[in-house]
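Below, each chain spelled out in residue letters.
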Amino acid sequence: MENRTARVAWAVAGGAATLTLLTATGAHAEGKGDIRVTAAVVNSGKNVIVGTSQRVTYPIAITIKDNSGVKGLSHVSDFNKSDGWGFSDWTDTKCVKKSSTTSVCTATMSLAPQWLPGSLPEDVNHTAGVWQVNATVKANDGDYWIADHIAEFKMKRASKLTTDASPEPIAKGAKLTVSGKLTRANWEDLKYHGFTGQNVKLQFKAADAAHYRTVKTVRTGDAGKLSTKVTATSAGSWRWYFPGTTTTARIVSAGDAVTLK
(Lines give C-alpha, C1' and ligand atoms only; values in the text may rest on other atoms or scores of the structure.)
Protein backbone atom coordinates (compact mmCIF):
# COMPACT_ATOMS: atom_id res chain seq x y z
CA MET A 1 0.00 0.00 0.00
CA GLU A 2 2.84 2.39 0.76
CA ASN A 3 4.39 1.75 -2.65
CA ARG A 4 1.21 2.62 -4.45
CA THR A 5 0.80 5.80 -2.42
CA ALA A 6 4.31 6.84 -3.42
CA ARG A 7 3.64 6.16 -7.09
CA VAL A 8 0.44 8.19 -7.12
CA ALA A 9 2.10 11.11 -5.31
CA TRP A 10 4.95 11.10 -7.85
CA ALA A 11 2.56 11.07 -10.79
CA VAL A 12 0.67 14.10 -9.57
CA ALA A 13 3.75 16.06 -8.54
CA GLY A 14 5.61 15.26 -11.78
CA GLY A 15 2.69 16.19 -13.98
CA ALA A 16 2.94 12.81 -15.79
CA ALA A 17 0.03 12.68 -15.99
CA THR A 18 -3.23 12.72 -15.71
CA LEU A 19 -4.86 11.91 -12.44
CA THR A 20 -7.47 14.53 -11.80
CA LEU A 21 -10.54 15.07 -9.68
CA LEU A 22 -12.94 16.15 -12.40
CA THR A 23 -16.20 17.73 -11.37
CA ALA A 24 -19.05 15.44 -12.29
CA THR A 25 -21.51 18.17 -13.21
CA GLY A 26 -24.70 17.64 -15.10
CA ALA A 27 -24.59 17.46 -18.88
CA HIS A 28 -23.99 20.85 -20.46
CA ALA A 29 -22.03 22.41 -23.30
CA GLU A 30 -20.68 25.85 -24.09
CA GLY A 31 -18.61 27.50 -26.75
CA LYS A 32 -18.88 29.64 -29.88
CA GLY A 33 -20.53 29.08 -33.23
CA ASP A 34 -22.33 26.15 -34.81
CA ILE A 35 -19.81 23.36 -34.19
CA ARG A 36 -21.35 20.38 -32.41
CA VAL A 37 -20.61 16.82 -31.29
CA THR A 38 -23.26 14.61 -32.89
CA ALA A 39 -22.10 11.19 -31.64
CA ALA A 40 -19.40 9.51 -29.57
CA VAL A 41 -18.46 5.87 -29.09
CA VAL A 42 -15.95 4.51 -26.57
CA ASN A 43 -13.92 1.35 -27.31
CA SER A 44 -16.20 0.41 -30.21
CA GLY A 45 -19.07 0.03 -27.76
CA LYS A 46 -17.28 -2.52 -25.54
CA ASN A 47 -16.38 -2.33 -21.86
CA VAL A 48 -12.88 -1.16 -20.93
CA ILE A 49 -11.27 -3.99 -18.93
CA VAL A 50 -8.32 -3.22 -16.66
CA GLY A 51 -6.16 -5.86 -14.96
CA THR A 52 -3.19 -5.49 -12.63
CA SER A 53 -0.16 -4.94 -14.85
CA GLN A 54 -0.80 -4.43 -18.56
CA ARG A 55 -1.36 -0.93 -19.94
CA VAL A 56 -4.75 -0.57 -21.60
CA THR A 57 -5.48 1.60 -24.62
CA TYR A 58 -8.92 2.29 -26.04
CA PRO A 59 -10.35 4.66 -28.66
CA ILE A 60 -12.98 7.35 -28.24
CA ALA A 61 -14.47 8.13 -31.65
CA ILE A 62 -16.20 11.51 -31.73
CA THR A 63 -18.33 12.66 -34.67
CA ILE A 64 -18.11 16.45 -35.09
CA LYS A 65 -19.99 18.78 -37.44
CA ASP A 66 -19.38 22.41 -38.46
CA ASN A 67 -20.25 24.35 -41.60
CA SER A 68 -16.61 25.36 -42.12
CA GLY A 69 -15.25 21.88 -41.54
CA VAL A 70 -13.65 20.30 -38.49
CA LYS A 71 -10.19 21.26 -37.21
CA GLY A 72 -10.00 18.60 -34.45
CA LEU A 73 -9.90 17.92 -30.72
CA SER A 74 -8.12 20.07 -28.16
CA HIS A 75 -9.14 18.16 -25.03
CA VAL A 76 -10.62 14.80 -24.08
CA SER A 77 -11.23 13.49 -20.57
CA ASP A 78 -13.19 10.68 -18.95
CA PHE A 79 -14.11 10.00 -15.35
CA ASN A 80 -16.23 7.89 -13.03
CA LYS A 81 -19.72 9.38 -12.75
CA SER A 82 -20.21 8.52 -9.09
CA ASP A 83 -16.99 9.82 -7.54
CA GLY A 84 -15.61 12.30 -10.09
CA TRP A 85 -12.15 10.73 -10.40
CA GLY A 86 -10.77 10.40 -13.90
CA PHE A 87 -7.97 11.34 -16.30
CA SER A 88 -7.23 13.05 -19.59
CA ASP A 89 -4.28 11.11 -20.99
CA TRP A 90 -4.51 10.49 -24.74
CA THR A 91 -1.58 9.25 -26.79
CA ASP A 92 -2.83 10.05 -30.26
CA THR A 93 -5.65 11.77 -32.15
CA LYS A 94 -6.71 11.27 -35.74
CA CYS A 95 -9.51 12.91 -37.70
CA VAL A 96 -11.13 11.31 -40.73
CA LYS A 97 -13.13 13.65 -42.98
CA LYS A 98 -16.53 12.22 -43.87
CA SER A 99 -17.86 15.25 -45.74
CA SER A 100 -17.15 18.99 -46.10
CA THR A 101 -18.82 19.61 -42.74
CA THR A 102 -18.35 16.37 -40.75
CA SER A 103 -15.35 14.46 -39.41
CA VAL A 104 -14.84 11.60 -36.99
CA CYS A 105 -11.97 12.39 -34.62
CA THR A 106 -10.59 9.53 -32.57
CA ALA A 107 -8.59 10.00 -29.38
CA THR A 108 -6.61 6.98 -28.18
CA MET A 109 -6.71 6.88 -24.41
CA SER A 110 -3.95 5.14 -22.43
CA LEU A 111 -4.20 3.81 -18.89
CA ALA A 112 -1.81 1.80 -16.70
CA PRO A 113 -3.42 0.02 -13.70
CA GLN A 114 -0.94 1.54 -11.25
CA TRP A 115 -2.11 5.03 -12.24
CA LEU A 116 -5.82 4.45 -11.74
CA PRO A 117 -7.19 7.52 -9.98
CA GLY A 118 -8.54 7.77 -6.47
CA SER A 119 -8.28 10.05 -3.48
CA LEU A 120 -6.54 7.30 -1.49
CA PRO A 121 -5.08 3.92 -2.53
CA GLU A 122 -7.88 2.07 -0.74
CA ASP A 123 -10.46 3.99 -2.81
CA VAL A 124 -9.17 2.90 -6.20
CA ASN A 125 -11.50 -0.09 -6.72
CA HIS A 126 -14.46 2.26 -6.32
CA THR A 127 -13.64 3.88 -9.64
CA ALA A 128 -14.88 0.77 -11.46
CA GLY A 129 -18.32 1.30 -12.95
CA VAL A 130 -19.93 3.83 -15.29
CA TRP A 131 -17.64 6.53 -16.72
CA GLN A 132 -18.48 9.50 -18.92
CA VAL A 133 -16.56 11.42 -21.56
CA ASN A 134 -16.06 15.19 -22.05
CA ALA A 135 -14.35 16.82 -25.03
CA THR A 136 -13.46 20.20 -26.50
CA VAL A 137 -13.78 20.36 -30.30
CA LYS A 138 -12.66 23.02 -32.80
CA ALA A 139 -13.70 24.11 -36.28
CA ASN A 140 -11.73 25.60 -39.16
CA ASP A 141 -13.41 29.01 -38.73
CA GLY A 142 -12.45 29.30 -35.05
CA ASP A 143 -15.67 27.97 -33.60
CA TYR A 144 -15.23 25.72 -30.57
CA TRP A 145 -17.45 23.69 -28.28
CA ILE A 146 -16.81 22.37 -24.77
CA ALA A 147 -19.09 19.36 -24.53
CA ASP A 148 -19.83 17.42 -21.33
CA HIS A 149 -21.24 13.92 -21.13
CA ILE A 150 -20.94 13.05 -24.81
CA ALA A 151 -20.70 9.32 -24.09
CA GLU A 152 -20.81 6.75 -21.30
CA PHE A 153 -18.96 3.46 -20.90
CA LYS A 154 -18.11 0.92 -18.22
CA MET A 155 -14.62 0.59 -16.76
CA LYS A 156 -14.40 -2.91 -15.24
CA ARG A 157 -11.99 -4.95 -13.15
CA ALA A 158 -10.53 -7.89 -15.10
CA SER A 159 -11.41 -11.41 -13.95
CA LYS A 160 -9.96 -14.91 -14.22
CA LEU A 161 -11.68 -18.30 -14.07
CA THR A 162 -10.34 -21.86 -13.98
CA THR A 163 -11.92 -25.30 -14.46
CA ASP A 164 -10.79 -28.76 -13.38
CA ALA A 165 -12.92 -31.89 -13.88
CA SER A 166 -11.90 -35.16 -12.19
CA PRO A 167 -11.46 -38.03 -12.25
CA GLU A 168 -10.73 -38.57 -15.92
CA PRO A 169 -11.33 -40.79 -17.68
CA ILE A 170 -14.51 -41.70 -15.82
CA ALA A 171 -17.03 -44.50 -16.07
CA LYS A 172 -20.41 -43.64 -17.56
CA GLY A 173 -22.91 -42.89 -14.80
CA ALA A 174 -20.24 -42.14 -12.19
CA LYS A 175 -19.99 -38.86 -10.28
CA LEU A 176 -17.65 -36.24 -11.71
CA THR A 177 -16.33 -33.38 -9.58
CA VAL A 178 -15.95 -30.05 -11.38
CA SER A 179 -14.02 -27.41 -9.47
CA GLY A 180 -12.60 -24.00 -10.27
CA LYS A 181 -11.80 -20.56 -8.95
CA LEU A 182 -13.05 -17.07 -9.79
CA THR A 183 -10.70 -14.15 -9.11
CA ARG A 184 -10.70 -10.48 -10.08
CA ALA A 185 -8.19 -7.67 -10.25
CA ASN A 186 -7.67 -5.65 -7.10
CA TRP A 187 -6.43 -2.21 -8.15
CA GLU A 188 -5.27 -1.40 -4.62
CA ASP A 189 -2.43 -3.96 -4.42
CA LEU A 190 -2.34 -4.88 -8.15
CA LYS A 191 -3.06 -8.57 -7.51
CA TYR A 192 -5.92 -10.96 -8.21
CA HIS A 193 -8.12 -12.02 -5.28
CA GLY A 194 -10.94 -14.54 -4.94
CA PHE A 195 -14.41 -13.19 -5.75
CA THR A 196 -16.84 -14.72 -3.27
CA GLY A 197 -20.64 -14.91 -3.33
CA GLN A 198 -20.99 -14.87 -7.12
CA ASN A 199 -23.26 -17.04 -9.26
CA VAL A 200 -21.25 -18.93 -11.87
CA LYS A 201 -22.72 -21.24 -14.52
CA LEU A 202 -21.37 -24.74 -15.08
CA GLN A 203 -21.56 -25.58 -18.78
CA PHE A 204 -21.06 -28.78 -20.78
CA LYS A 205 -20.47 -29.52 -24.46
CA ALA A 206 -20.75 -33.13 -25.59
CA ALA A 207 -17.93 -34.41 -27.79
CA ASP A 208 -20.18 -34.37 -30.86
CA ALA A 209 -21.92 -31.06 -30.06
CA ALA A 210 -21.22 -27.57 -31.45
CA HIS A 211 -22.16 -25.50 -28.41
CA TYR A 212 -22.03 -25.49 -24.63
CA ARG A 213 -25.21 -25.69 -22.56
CA THR A 214 -25.71 -24.64 -18.95
CA VAL A 215 -26.08 -27.55 -16.52
CA LYS A 216 -26.41 -25.70 -13.22
CA THR A 217 -25.49 -22.52 -11.37
CA VAL A 218 -23.06 -22.61 -8.44
CA ARG A 219 -22.16 -19.84 -5.98
CA THR A 220 -18.50 -19.10 -5.29
CA GLY A 221 -17.32 -19.79 -1.76
CA ASP A 222 -14.28 -18.76 0.23
CA ALA A 223 -11.53 -17.24 -1.94
CA GLY A 224 -13.78 -17.55 -5.01
CA LYS A 225 -13.64 -21.36 -5.05
CA LEU A 226 -16.16 -23.48 -6.98
CA SER A 227 -16.99 -27.16 -6.64
CA THR A 228 -19.92 -29.35 -7.60
CA LYS A 229 -20.70 -32.95 -8.57
CA VAL A 230 -22.44 -34.06 -11.77
CA THR A 231 -23.22 -37.40 -13.35
CA ALA A 232 -21.03 -38.29 -16.32
CA THR A 233 -23.38 -39.39 -19.09
CA SER A 234 -21.16 -38.75 -22.12
CA ALA A 235 -17.69 -37.63 -23.10
CA GLY A 236 -17.18 -33.91 -23.59
CA SER A 237 -15.84 -30.67 -22.15
CA TRP A 238 -16.78 -28.84 -18.96
CA ARG A 239 -16.28 -25.14 -18.26
CA TRP A 240 -17.40 -22.35 -15.94
CA TYR A 241 -19.03 -19.13 -17.18
CA PHE A 242 -19.25 -15.94 -15.11
CA PRO A 243 -21.56 -13.27 -16.65
CA GLY A 244 -19.84 -10.41 -14.83
CA THR A 245 -21.21 -7.54 -12.76
CA THR A 246 -21.47 -3.79 -13.23
CA THR A 247 -17.84 -3.46 -12.05
CA THR A 248 -16.25 -6.83 -12.92
CA ALA A 249 -15.72 -8.30 -16.41
CA ARG A 250 -17.43 -11.43 -17.67
CA ILE A 251 -15.15 -14.42 -18.14
CA VAL A 252 -15.35 -17.93 -19.58
CA SER A 253 -12.84 -20.55 -18.48
CA ALA A 254 -11.06 -22.89 -20.85
CA GLY A 255 -12.89 -26.19 -21.28
CA ASP A 256 -11.63 -29.36 -19.56
CA ALA A 257 -12.25 -32.42 -21.76
CA VAL A 258 -13.34 -35.63 -20.04
CA THR A 259 -13.46 -39.04 -21.72
CA LEU A 260 -15.37 -42.15 -20.68
CA LYS A 261 -13.71 -45.42 -19.80
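You'll find the structure just up there.
Residues numbered from 1 in each chain as written. Predicted model: local features only at pLDDT ≥ 70, side-chain atom pairs only at ≥ 80, totals over all residues. Heavy atoms only, no water.

K.L.:
What should I look at first to understand the pattern of salt bridges in this one?
P.N.:
For side chains bearing opposite charge, pairing can occur when the charged atoms are close. Scanning the entire structure with this criterion turns up one salt bridge. Here Glu 152 and Lys 81 are joined by a salt bridge, their closest N and O atoms 2.7 Å apart. Placement of the pair is Glu 152 in strand S11 (residues 144-157) and Lys 81 in the loop between strand S6 (70-80) and strand S7 (85-87), with a sequence separation of 71 residues. The class for Lys 81 is partly exposed, based on a relative accessible area of 35%. (Salt bridge = Lys/Arg side-chain N within 4 Å of Asp/Glu carboxyl O. Helix = DSSP H or I, 4+ residues; strand = E, 2+ residues; numbered from the N terminus. Buried < 20%, exposed > 50% of the residue type's maximum accessible area, 1.4 Å probe, protein only.)

K.L.:
In this structure, what is going on with the packing of aromatic side chains? I would like to understand it.
P.N.:
All chains considered together, the criterion is met by four aromatic pairs. Measuring from centroid to centroid gives 6.1 Å for Trp 131 and Phe 153, while their planes differ by 40 degrees, and the two rings are tilted. Remark: Phe 153 occurs in strand S11 and Trp 131 occurs in strand S10 (residues 129-139); sequence separation between them is 22 residues. Phe 153 shares its class with Trp 131; the two are buried. For the pair Phe 195 and Phe 242, a centre-to-centre distance of 6.0 Å together with 80 degrees between the ring planes defines the contact as edge-to-face. Taken together, the residues Phe 195 in the loop between strand S14 (191-194) and strand S15 (199-206) and Phe 242 in strand S18 (residues 236-242) connect sequence positions 47 residues apart. (Phe/Tyr/Trp six-rings, centres within 6.5 Å; stacked < 30°, edge-to-face > 60°.)

K.L.:
What should I look at first to understand the environment of Lys 138 in this one?
P.N.:
Tracing the backbone through its elements, the reader meets Lys 138 in strand S10. Those residues in contact with Lys 138, other than ones at most four positions away along the chain, are Ile 35, Val 70, Lys 71, Gly 72, Ser 74, Asp 143 and Tyr 144. (Contact = heavy atoms within 4.5 Å.)

K.L.:
Explain the nonpolar core here, please?
P.N.:
Proteins that are soluble and globular tend to have nonpolar side chains buried together. Core analysis: the biggest nonpolar cluster contains 35 residues, and Tyr 58, Ile 62, Val 76 and Met 155 have the highest contact counts within it. Within the residue set of this core, elements represented by two or more residues are strand S3 (36-42), strand S4 (48-50), strand S5 (56-65), S6, strand S9 (102-111), S10 and S11. Here this core gets six residues from one element, more than from any other, and that element is S11. Here Ile 62 is in contact with Val 37, Ala 39, Ala 40, Leu 73, Val 76, Ser 103, Val 104, Cys 105, Ala 135 and Ile 150, once residues within four sequence places are set aside. Formed by 18 residues, the second largest nonpolar core is a distinct cluster that contains Leu 176, Leu 182, Val 230 and Ala 232. (Core = buried A, V, L, I, M, F, W, Y, C linked by side-chain atoms within 4.5 Å.)

K.L.:
Any chance you could explain the sheet that holds S9 here in plain terms?
P.N.:
On the basis of which strands lie adjacent, the open sheet formed by four strands has the order S3-S5-S9-S8 and antiparallel pairing. With one partner strand each, in any of the chains shown, S3 and strand S8 (90-97) form the two edges of the open sheet. Across this sheet, the average inter-strand angle for adjacent strands is 20 degrees, counted without regard to direction. Summarising the sheet, S3 and S5 pair through six bridges and their orientation is antiparallel. Bridging from a neighbouring strand, Ala 40 pairs with Ile 62 of S5. (Pairing = 2+ DSSP bridges. Axes fitted to C-alpha atoms, helices over the stretch in contact; angles between N-to-C directions.)

K.L.:
What is the right way to read the pairing of S14 from this model?
P.N.:
A regular strand places its side chains so that they alternate between the two faces of the sheet. Pairing between strand S13 (residues 175-186) and S14: four bridges, direction antiparallel. Opposite Arg 184, over in S14, you have His 193 as the bridge partner. Between the end of S13 and the start of S14, which pair antiparallel, lie four residues, with Leu 190 showing a positive phi angle near 60 degrees.

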